[in-house]
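Results of the structural survey
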Amino acid sequence: MAVTHSLGFPRIGAGRELKKALEAYWSGRIGSEQLQETGRRLRERHWRLQAGLDLVPVGDFAYYDQMLTMTALLGAIPERFRFRDQSLDLERYFQLARGNREQPALEMTKWFDTNYHYLVPEFDRNTTFRLDPAWLFGEVDEALALKLQPKPVLIGPVTYLYLGKTKEAGFDRLDLLPRLLPVYGEILARLRDRGIHWVQLDEPALALDLTPDWLAAYPAAYGALATAEPKLLLATYFGSVADRRDLMARLPVAGWHIDAVRAPEQVPQILDDYPADKVLSLGLIDGRNIWRTDLRRALLQAEAARARLEERLWLAPSCSLLHVPTDLSLESALDPEIRSWLAFAVQKLEELALLDRGLRLGAESIQAELAESDRVANARAHSPRIHSPAVKARLEALGEADFQRGSSFPQRIARQRQRLQLPLLPTTTIGSFPQTPEIRKARADYRAGTLHQAAYRDAMHEAIQQAIRKQEDWGLDVLVHGEPERNDMVEYFGEQLEGFAFTHHGWVQSYGSRCVKPPIIYGDVARPKPMTLEWITFAQRQTEKPVKGMLTGPVTLLQWSFVRDDQPRSVTALQLALAIRDEVQDLERAGVSVIQIDEPAFREGLPLRRQEWEEYLRWATRAFRLASCGVGDDTQIHTHMCYSEFGDILPAIAELDADVISIETSRSDMELLNSFHSFRYPNDIGPGIYDIHSPRVPETEEMVRLLERACATIPPERLWVNPDCGLKTRAWAEVEASLTRMVAAARTVRERLMHG
Ligand code: GLN
Ligand code: ZN
């Protein structure tokens, strides 16, 4: 009856087998055959896990990234690599991903609003496409040999072009479409020859704001691709496509997939006038989050859709399961009550199978499972673990004054200057210092229980003392403790907050072999006791100079976690903000005069559609203000954001009303400051004057030049001098060289400013 399928499965392996094999291959410990064998075994294992589905995805596996694999299949290798006219082998594939001696890697950027990163295709006027059959087809044959029904998954042609980057002024990458389509045609023909009936073409760009020419590309592209066999399933996700349905109805495809979790409101609209000749795949199980599905609700939704579509209804997760961990059953250490609320990829497929059975044989056939699902939903709704009356009461009691500093910036900064007595162009860093093997070992041993609390504290104190001494020697003005106690800027806080849970194996691919283990925010958030106070005050006791308290902001804590879905994200953000506010006030009471609240994820929380930006920016800004505004005028609040696309959100950044913001600018040669200038950004700014992402240490002169450029745009009284981001990934030798030069550069420019 309803066809069941999945849009993609996590590729990294429940034990991160792919990560380990990749890293072994890159370091020369294994050869490409062994890496390929790991890939083959993972694909087979993942297909077997999905074998209960009517169609299993093929092509969702990738040795690094699905967009890069698409680039390989389409033979769209940038000319600068000089790989043209030959089949791309794995070695070269990785050179595209990671760079080689002559060429930097393809750029990497976030996949829509997820934390997954893809490699950006590069296009220019001379870009050509040529099918490279070394990719995809071997995997299709593997699946066929296992007697499965493969459904190849490709990035659709319009989304593929859209997500690429034009590397040439005055050239529109959309002009490449006519050159691209024949290669897609060839891929489809070859799949037909293998007896493939369905191909999924992912077009998530349909859920973005698109200009008329991009919209017009859809009929052009799909008109050219129309085939009787294989049939095309046009897959959309991450947002509503209700406003695109007239356009989509004109495309000669055999079906659509829509995301009924992220955009449930589109379902009735789309069902209302759904084209009679197409199947509709309904994504009812959340592919972006780890909560167990409310089966009864999902079954009702499926039944309502079937009433309209009958045999044409398909069932699936909302999007590829790439964005969730693989298997919950590995989490034996997780609190059983919390575990009962969760489902990872394997469990989500079980839910899908249950839904299908319920739809086919009636609710009675899954009665026990429905009852269990109801029990879980009910328990989650009422668990005292989730609901803290005290937290809810605090939120209720908030008034406008809690979101406002006592005075305006000019008054505050005057008092802060008086208190801090800093020179013009004060120097500082973003927070972290190198995480040496000794520091990592002390943390790991402490976690494992082999290092006692007192010895651990001594080790951290030692690291902090050293960091303070070095900063004093180098002549920095506002010091940091160096964050030796933090493994991760979200995990560190989450572990100390109520309402957070952590997994042991909940890895999700971020890019290539890099995986993250996002915390789970399951309940009302509260801070039982101070989280950073002891380290910061210890650091402050080591020096006369001000030491910055260092915190992660509410929006970043939210953005880098799996967030509860039983209340709006904005409410969870305010709860996080209250916890951070408590920490800020404790630091202030302990005499800490400068406190930084990092929000590197502030921008990435922006919704995909512009019309939703304002609402997000409103609550995100309020969350930051709630966290930061509970201090006196002479306590200086810093924030830090490490990206450079500020253009659209500067008004919101100004609304944060941080006294000082440090940002990434060095890679763009301070260009970004122009937007701060033309927007008349009112508060202090620390434009990063060197790039910490590379081991290169710029000469003092180069930093002087950047600083002078900054002074030409922003009044020097409002400028700070700092690197682009934290220094935890660098070696001490580089840090020493770069920071001494940075201080020297600040002094040079300071002299010039003061003595003309
Ligand atoms: N304070 C953090 C650090 O220096 C900030 C990290 C970040 O911006 N991503 O490491
Ligand atoms: Zn940063």
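Remember, it's a predicted structure, so these values are computed and weren't measured experimentally. (Residues numbered from 1 in each chain as written. Chains lettered and ligands numbered in written order. Predicted model: local features only at pLDDT ≥ 70, side-chain atom pairs only at ≥ 80, totals over all residues. Heavy atoms only, no water.)

1. Structural notes on the overall build of the protein chain
- Along the backbone of the protein chain there are 27 helices and 22 strands.
- By the compact-globule yardstick of 27 Å for 756 residues, the protein chain fits well, its C-alpha radius of gyration being 27 Å.
- Out of the 756 residues belonging to the protein chain, those deemed buried represent 59%.
- Intrachain contacts of the protein chain at a sequence separation of at least 6 include 78% that bridge at least 24 residues.
- Per element, the accessible surface of the protein chain, about 29,500 Å² overall, is 49% carbon and sulfur.
- Computed over 92 positive and 106 negative side-chain charges, the separation of the two mean positions in the protein chain equals 2 Å. (Helix = DSSP H or I, 4+ residues; strand = E, 2+ residues; numbered from the N terminus. Rg over C-alpha atoms; globule rule 2.2 N^0.38 Å. Buried < 20%, exposed > 50% of the residue type's maximum accessible area, 1.4 Å probe, protein only. Contact = heavy atoms within 4.5 Å. Areas by Shrake-Rupley, 256 points an atom, 1.4 Å probe, with all protein chains shown as cover. Lys, Arg positive; Asp, Glu negative; His and termini not counted. Charge placed at Lys NZ, Arg CZ, Asp CG, Glu CD.)

2. Thoughts on the site of ligand 1
- What surrounds ligand 1 is the set Ile-430, Gly-431, Ser-432, Glu-483, Met-489, Met-550, Asp-598, Pro-600, His-640, Cys-642, Cys-725 and Gly-726.
- In this structure, Glu-483 approaches ligand 1 through a side-chain N or O atom, which is 2.8 Å from a nitrogen atom.
- Contacts to ligand 1 include Asp-598, whose side-chain N or O atom sits 2.7 Å from a nitrogen atom.
- A class-by-class count of the residues in the shell around ligand 1 yields six nonpolar, four polar and two charged. (Near = heavy atom within 4 Å. Polar contact = N/O pair within 3.5 Å; in protein donor to acceptor, adjacent residues only side chain to side chain. Nonpolar A, V, L, I, M, F, W, Y, C, P; charged D, E, K, R; others polar.)

3. Here we look at helix H18 (residues 453-474)
- Between its first and last C-alpha, H18 extends 32 Å over 22 residues, near the 32 Å set by a 1.5 Å rise per residue.
- Listing the buried residues of H18 in full gives Tyr-456, Met-460, His-461, Ala-463, Ile-464, Ala-467, Ile-468, Gln-471 and Trp-474. Looking straight down H18, one finds that the buried residues subtend no more than 165° of arc, so they occupy a single side.
- In the stretch just after H18, Gly-475 is the one whose phi turns positive, near 90°. (Expected span 1.5 Å × (residues − 1). Arc of directions from axis to C-beta.)

4. Quick notes on the side chain of Thr-621
- If you trace the backbone, Thr-621 turns up in helix H23 (residues 613-628).
- By relative accessible area, Thr-621 is classed as buried at 6%.
- Apart from residues lying up to four places away in sequence, Thr-621 is in contact with Phe-602, Ala-652, Glu-655 and Leu-656.

5. Digging into the state of the cysteines
- One pass over the structure, following the stated rule, counts zero disulfides.
- We note that Cys-515 lacks a disulfide partner, and the nearest cysteine sulfur, in Cys-319, lies 17 Å from it.
- Using a relative accessible area of 7% as the deciding quantity, one classes Cys-515 as buried. (Disulfide = S-S within 2.5 Å.)

6. A word on the coordination of the zinc ion (ligand 2)
- For the zinc ion (ligand 2), the full set of protein donor atoms is His-640 (NE2), Cys-642 (SG) and Cys-725 (SG), at a range of 2.0 to 2.4 Å.
- In this structure, the zinc ion (ligand 2) is coordinated by four donor atoms arranged in tetrahedral fashion, with angles at the metal of 92 to 124°.
- Mapped onto the sequence, the donors of the zinc ion (ligand 2) take the spacing H-x1-C-x82-C. Of the two residues, Cys-642 is situated in the loop between strand S20 (636-641) and helix H24 (650-656) and Cys-725 in the loop between helix H26 (700-713) and helix H27 (732-754); the sequence distance between them amounts to 83 residues. (Donors = N, O, S within 2.8 Å, 3.2 Å for Na, K, Ca; no water. Tetrahedral: all angles 85-135°; square planar, octahedral: opposite > 155°, others 65-115°.)

7. A short note on the UniProt feature "active site" (unreviewed entry) in the protein chain
- As annotated in UniProt, the feature "active site" (unreviewed entry) corresponds to His-693 in the numbering used here.
- Position of His-693 relative to the elements: it lies in the loop between strand S22 (684-687) and H26.
- Apart from residues lying up to four places away in sequence, His-693 is in contact with Glu-664, Arg-667 and Arg-730. (UniProt positions renumbered as here; feature names shortened; annotations may be inferred.)

8. Considering the pattern of salt bridges
- Following the criterion strictly, the structure yields 54 salt bridges and no others.
- With a shortest N-O distance of 2.7 Å, Asp-141 and Arg-194 are connected by a salt bridge. One end of the pair, Asp-141, is in helix H5 (residues 137-145); the other, Arg-194, is in the loop between helix H7 (177-193) and strand S8 (198-202), with 53 residues separating them in the sequence.
- A salt bridge links Asp-356 to Arg-360; its shortest N-O distance comes to 3.3 Å. On the criterion of helical spacing, the pair formed by Asp-356 and Arg-360 is a turn pair, its members being four residues apart in helix H13 (residues 345-361).
- Given a relative accessible area of 10%, Asp-356 falls into the buried group.
- Because the salt bridges share partners, they merge into one network encompassing Glu-37, Arg-40, Glu-44 and Arg-48. (Salt bridge = Lys/Arg side-chain N within 4 Å of Asp/Glu carboxyl O.)

9. Quick notes on unusual backbone geometry
- Residue Pro-230 is reached from Glu-229 by a cis peptide bond, and omega for that bond is -10°.
- Mapped onto the secondary structure, Pro-230 falls in the loop between helix H8 (212-225) and strand S9 (231-235).
- Notably, Lys-147 is not glycine yet its phi reads approximately 65°, a positive angle.
- Residue position: Lys-147 is located in the loop between H5 and strand S6 (150-155).
- The exposure class of Lys-147 is exposed, given its relative accessible area of 75%.
- Phi is positive for Gln-421, close to 50°, though the residue is something other than glycine.

10. Looking at a negative patch on the surface
- Taken together, Glu-472, Asp-473, Glu-544 and Glu-736 make up a surface patch of like negative charges.
- Structurally, Glu-472 can be placed in helix H18.
- Glu-472 sits in the partly exposed class, given a relative accessible area of 33%. (Patch = residues over 30% accessible without salt bridge, like charges linked within 9 Å, V, L, I, M, F, W, Y side chains within 5 Å.)

11. Section: the sheet that holds strand S18 (residues 562-563)
- Strand order in the open sheet made by the three strands is S13-S16-S18, with mixed pairing throughout. With one partner strand each, in any of the chains shown, strand S13 (498-501) and S18 form the two edges of the open sheet.
- Looking at chain direction, S13 and strand S16 (residues 520-526) are connected through three bridges and run antiparallel. Bridge pairing in S16 links Phe-500 to Ile-521.
- Running over the sheet, helix H22 (residues 569-589) touches S13, S16 and S18 and is turned about 55° from S16. (Pairing = 2+ DSSP bridges. Axes fitted to C-alpha atoms, helices over the stretch in contact; angles between N-to-C directions.)

12. Examining the packing of helix H11 (residues 295-309) against H13
- For the pair H11 and H13, the least separation of the axes is 10 Å and the interaxial angle reads 50°. On the basis of the axis angle, H11 is oblique to H13. Note on packing geometry: the crossing formed by H11 with H13 is right-handed. Contacts between H11 and H13 involve Leu-295, Ala-298, Leu-299, Ala-302, Glu-303 and Arg-306 on the former and, on the latter, Glu-351, Leu-354, Leu-355, Gly-358 and Leu-359.
- Taken together, the residues of the contact of H11 with H13 break down into seven nonpolar, one polar and three charged. (Parallel < 35°, antiparallel > 145°, perpendicular 65-115°, else oblique. Left-handed = near helix turned anticlockwise from the far one by under 90°.)

13. Examining the packing of helix H3 (residues 66-73) against helix H4 (residues 90-98)
- Contact geometry of H3 with H4 gives a least axis separation of 11 Å together with a crossing angle of 125°. Relative to H4, H3 is oriented oblique. Viewed along their axes, H3 and H4 form a crossing whose handedness is right-handed. Of H4, the residues touching H3 (which contributes Leu-68, Thr-69 and Ala-72) are Tyr-93, Leu-96 and Ala-97.
- For the contact of H3 with H4, the class distribution of residues is five nonpolar, one polar and no charged.

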